[in-house]
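In case you want the letters, here they are:
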Amino acid sequence: MKGDRPVPQQDKKMAIEFEATEQQIKEIAMHAIKYSKNVGLGFLRGLENLDIHPGDIKLDDSGLSLDYVNGRCVKLFIDRLPDNRWRIRDSADPEYQTWARRWVSNETLVEYVLGAGKTTEVPADV
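So, here is what we can say about the structure in this document. Just so you know, these numbers come straight off a predicted model, no measurement behind them.

### Notes on the overall build of the protein chain
Thinking step 1. Looking only at helices and strands, one finds three helices and five strands in the protein chain.
Thinking step 2. Ordered by position from the N terminus, the helices and strands of the protein chain form the series β-α-α-β-β-β-α-β.
Thinking step 3. Counting across all 126 residues of the protein chain, residues that qualify as buried make up 43%.
Thinking step 4. Excluding contacts between residues fewer than 6 apart, the proportion of contacts in the protein chain whose partners are at least 24 apart in sequence is 65%.
Thinking step 5. Surface summary for the protein chain: the accessible area is close to 7,500 Å², and the carbon and sulfur share equals 50%.

### Topic: unusual backbone geometry
Thinking step 1. In this structure, K75 is a non-glycine residue whose phi angle is positive, near 50°.
Thinking step 2. Among the structural elements, K75 can be located in strand β3 (residues 72–81).
Thinking step 3. Backbone geometry places N84, a non-glycine residue, at a positive phi of 60°.
Thinking step 4. Among the secondary structure elements, N84 is positioned in the loop between β3 and β4 (85–88).

### What to know about the packing of aromatic side chains
Thinking step 1. Inspection of the entire model under this criterion finds zero aromatic pairs.
Thinking step 2. The side chain of R102 reaches across the aromatic face of Y35, ending 5.2 Å from its centre.

Cut-off values and rules
Residues numbered from 1 in each chain as written. Predicted model: local features only at pLDDT ≥ 70, side-chain atom pairs only at ≥ 80, totals over all residues. Heavy atoms only, no water. Helix = DSSP H or I, 4+ residues; strand = E, 2+ residues; numbered from the N terminus. Buried < 20%, exposed > 50% of the residue type's maximum accessible area, 1.4 Å probe, protein only. Contact = heavy atoms within 4.5 Å. Areas by Shrake-Rupley, 256 points an atom, 1.4 Å probe, with all protein chains shown as cover. Phe/Tyr/Trp six-rings, centres within 6.5 Å; stacked < 30°, edge-to-face > 60°. Lys NZ or Arg CZ within 6 Å of the ring centre and 35° of its normal.

Here it is, written out as structure tokens:
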């Protein structure tokens with residue numbers, strides 16, 4: 001797209017793990033939603049003002065699963081692990097995770113909320 005900067009690609013076989021509170025996971029999700037773009041017929045929903053807060057984000061026993069939110073292509077899936085640990089298995093792809101045009105990787109999105117150096121790369125099949 002015109003004006004977009006090149007996006008570094010992550011190794012598709014790596015995942016990241018990190019320690020975070022549920023509130024921090026909701027903040028990560030909020031930032032992903034905020035910077036996601038409307039795609040396809042989502043532009044109709046995108047005409048509405050999206051005012052989202054961490055309290056609007058719901059987690060379940062398995063973690064967080066965001067596909068489309070209000071017409072925005074988010075595609076952020078975070079697995080809950082024991083002991084306040086979390087895993088993102090897939091690499092951010094700006095064609096699908098449209099927020100990745102702002103946060104160029106899962107690490108940069110997570111570390112924006114948690115602080116630098118708080119993620120660990122692990123094999124995705126773990």
